[in-house]
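# Coordinate inspection notes
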Amino acid sequence: MHESVQILVVGGGPAGSTAATLLAREGFAVTLLEREHFPRYHIGESLLPSCLPILDLMGAREKIENHGFQRKGGAYFEWGTEKWDLRFDELDDTTYSWQVVRSEFDHLLLEHAKSQGVDVREGVTVKEVLFDDDGRAVQVRWENTDRTDHGEISFDFMVDASGRAGLLATKHLRSRRFHDVFKNVGFWGYWKGTKPIEQGPDGAIAVCSIPEGWLWAIPLHDDTVSIGVVTGKEHFRAEQERQGQLADIYMEKIKSSTLTADLIEGAELVSEIKAETDYSYVTENFAGPGYLLAGDAACFLDPLLSTGVHLATYSGLLAAASVSSILRDGTEEDRALRFYASAYEMSYERLLVLVSVFYQTYRGRDEHFFEAQKLTAREKNQLNLHEAFLNIVTGIEDLADAKERAFDAVAARLAGPDALSNNPLVNHNASMEQMPDSPSRALDGLYLETEPKLTLRAVADVPAEA
Ligand SMILES: Cc1cc2nc3c(=O)[nH]c(=O)nc-3n(C[C@H](O)[C@H](O)[C@H](O)COP(=O)(O)OP(=O)(O)OC[C@H]3O[C@@H](n4cnc5c(N)ncnc54)[C@H](O)[C@@H]3O)c2cc1C
């Protein structure tokens, strides 16, 4: 079977649903292929407030609001010898977020995409992307997950939101690069009957360091608590040799912190232990002729600051604006895709630096783990620190020799508990504050406009003020 569509989105996680919904609301014909049947399990439960404005743009906020997810008032950190709360409502009492059961959250967003006109096909795996002689992505081959049917779909433009599977990056472009830092392993399980997490604002995620890494505890609205461990890959391997069973390593780690040891006293582990390894990477090409990569398909960052869904929905928004400016408003494709790649990469890099610096504020007994989270000279050189990135540090005027100084200045500014709670990335609408959404924050002369339509606007098109 062969058919043609206008816009094809691969993957129905938060990145794919966001991009597809926003494009459908702009009047485009959008087809979304998702290999699973939703609801499907996913890790990544703790959200940042930055999802609120994007859910508003999608018209999905009320649906998420009404579902009854655990409201998240912020975070509680026990990091080395320091303990502190990060309150989302500190500056603005309307700011909050949620802890979500991802199967339900993702399902709501995908159903919402359908309600906005997206042609969603579940149980359909994209097997291959086909390129024309000029290297433009033009078609996919798909197969039903139960292998009863297959076919081809041609498209004008494709958004690859296939998550960690990374259809384009791993299969075609082969451009995924794992970081020198954050070579970590995460493993987690779900508990019933825990004591309430008493520390921090209501519904907070609790994050606490242990000598060889850190732990999270996230209260969910289904009366379970997600408790996870992040540790270095080498340490994990040594533990596997020493202890054998993943469940034994898991139990030992969560009992090594008073906070989680107290929580699970008398509680029951109600799931298997799941694990994810090698999870921090970036792709060389965030976009190319006829396609762009959104969410985890493009890059993934260590989950210390719960940034994954933020990056997924934010890149979904940038993707939708870029594609609509190309297909509807005549923006040159190359230019719009350069904007997309710079804007998403910049946002990712800011968080990458922030996470690395945050790790550096505590060294722990296992120096090696915390040392391994420090950006190497090579990593720093690979960062494309843009002017807007440097804006988070005041007092750096000379950008020519700024990279190393910028990094040190960012480090100094962000180090420590106060700095984190003062940081707009994590608090108060997170990175939205640095969004290239005005002429003064334009990238390569383009900026994001959401009203009256979603597009990229050229600075030159804006009439000069009288
Ligand atoms: C240990 C750990 C803890 C985390 N904790 C957090 C957290 O607390 N908060 C947070 O915000 N984030 C967290 N994350 C990150 C978060 O899980 C992801 O960043 C987020 O899910 C990315 O969304 P996405 O839409 O890009 O990808 P996904 O949600 O993975 O969606 C991709 C979709 O594409 C589909 N797909 C894949 N290949 C194909 C194909 N070939 N054809 C059709 N469909 C396909 C998949 O089935 C999937 O549904 C965590 C991650 C890890 C590993």
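Residues numbered from 1 in each chain as written. Predicted model: local features only at pLDDT ≥ 70, side-chain atom pairs only at ≥ 80, totals over all residues.

### Digging into the environment of arginine 87
The cut-off we apply is this: Secondary structure is summarised from DSSP: a helix means a run of H or I of at least four residues, a strand means a run of E of at least two, and numbering begins at the N terminus for each. For every residue, the other C-beta atoms within 10 Å of its own C-beta are counted; 20 or more classify it as buried, 12 or fewer as exposed, and values in between as partly exposed. C-beta atoms are placed from the backbone. We call two residues in contact if the C-beta atoms placed from their backbones are at most 7 Å apart.
The topology assignment puts arginine 87 in strand β5 (residues 82-87). Judged by the 20 C-beta atoms lying within 10 Å of it, arginine 87 falls in the buried class. Along the sequence, arginine 87 and glycine 74 sit 13 residues apart, while their C-alpha atoms lie 4.7 Å from each other. For arginine 87, the contacting residues outside a window of four places in its chain are Gly73, Gly74 and Pro201.

### Regarding the packing of helix α9 (residues 308-327) against helix α10 (residues 333-360)
To keep it simple, the criterion reads: Every axis corresponds to a line fitted to the C-alpha atoms, with the helix fit spanning only the stretch in contact, and the corresponding angles, defined between N-to-C directions, vary from 0 to 180 degrees. Orientation is classified from the angle alone, with under 35 degrees giving roughly parallel, over 145 giving roughly antiparallel, 65 to 115 giving roughly perpendicular, and any other angle giving oblique. Handedness of each helix crossing follows the sense of rotation of the near helix against the far helix: counterclockwise by less than a right angle gives left-handed, clockwise gives right-handed. Charged means Asp, Glu, Lys or Arg here, nonpolar means Ala, Val, Leu, Ile, Met, Phe, Trp, Tyr, Cys or Pro, and polar covers whatever is left, Gly included.
For the pair α9 and α10, interaxial distance at closest approach is 9 Å and the crossing angle is 170°. As far as their axial angle goes, α10 and α9 are roughly antiparallel. Between α9 and α10 lies a crossing of right-handed hand. Judged by residue contacts, Leu311, Tyr314, Ser315, Leu318, Ala319, Ser322, Ser325 and Ile326 of α9 engage Glu333, Ala336, Leu337, Phe339, Tyr340, Ala343, Tyr344, Ser347 and Tyr348 from α10. Taken together, the residues of the contact of α9 with α10 sort by class into 12 nonpolar, 4 polar and 1 charged.

### Side note on the confidence of the model for the protein
Heads up, the rule is: pLDDT gives the predictor's per-residue confidence on a scale running from 0 to 100.
For the protein, the average pLDDT comes to 87, and 84% of its residues sit at 70 or higher. Note on residues 385-402: pLDDT under 50 across the span, and 28 contacts to partners over four residues away in sequence or across chains.

### Details of the sheet that holds strand β21 (residues 299-300)
Operational definition: A pair of strands is labelled paired if DSSP reports no fewer than 2 bridges between them.
Spatially, the 3 strands line up as an open sheet ordered β11-β18-β21, and their pairing is antiparallel. Of all strands in the sheet, those bounded by a partner on one side alone are β11 (176-178) and β21.

### Thoughts on the nonpolar core
For clarity, the cut-off: The term nonpolar core means buried Ala, Val, Leu, Ile, Met, Phe, Trp, Tyr and Cys residues held together as one set by C-beta atoms within 7 Å.
Counting residues in each nonpolar core, the largest one holds 131 residues, and the members touching the most others are Ile7, Val9, Ala19, Leu23, Leu292, Ala294 and Tyr340. Of the residues forming this core, the biggest block, 17 residues, is contributed by α10. Each residue touching alanine 294, except ones within four places of it in the same chain, is listed here: Ala15, Ala19, Val159, Ala161, Ser315, Gly316 and Ala319.

### Overview of the environment of glutamate 239
Residue position: glutamate 239 is located in helix α6 (residues 233-243). Along the backbone, glutamate 239 and isoleucine 249 are 10 residues apart, and their C-alpha atoms lie at a distance of 6.8 Å.

### Side note on the site of the ligand
What counts, and what does not: Here, nearness is defined through the C-beta atom: a residue counts as near a molecule or strand if that backbone-placed atom lies within 6 Å of it.
Lining the immediate surroundings of the ligand are 36 residues, of which Gly13, Gly44, Gly163, Gly295 and Gly308 lie closest. Every element with two or more residues in the shell around the ligand is listed here: α1 (14-25), β2 (30-34), β8 (124-131) and α9. Considering every element that reaches the shell around the ligand, the biggest residue donor is α9, with 4 residues. The residue inventory of the shell around the ligand, partitioned by class, reads 14 nonpolar, 15 polar and 7 charged.

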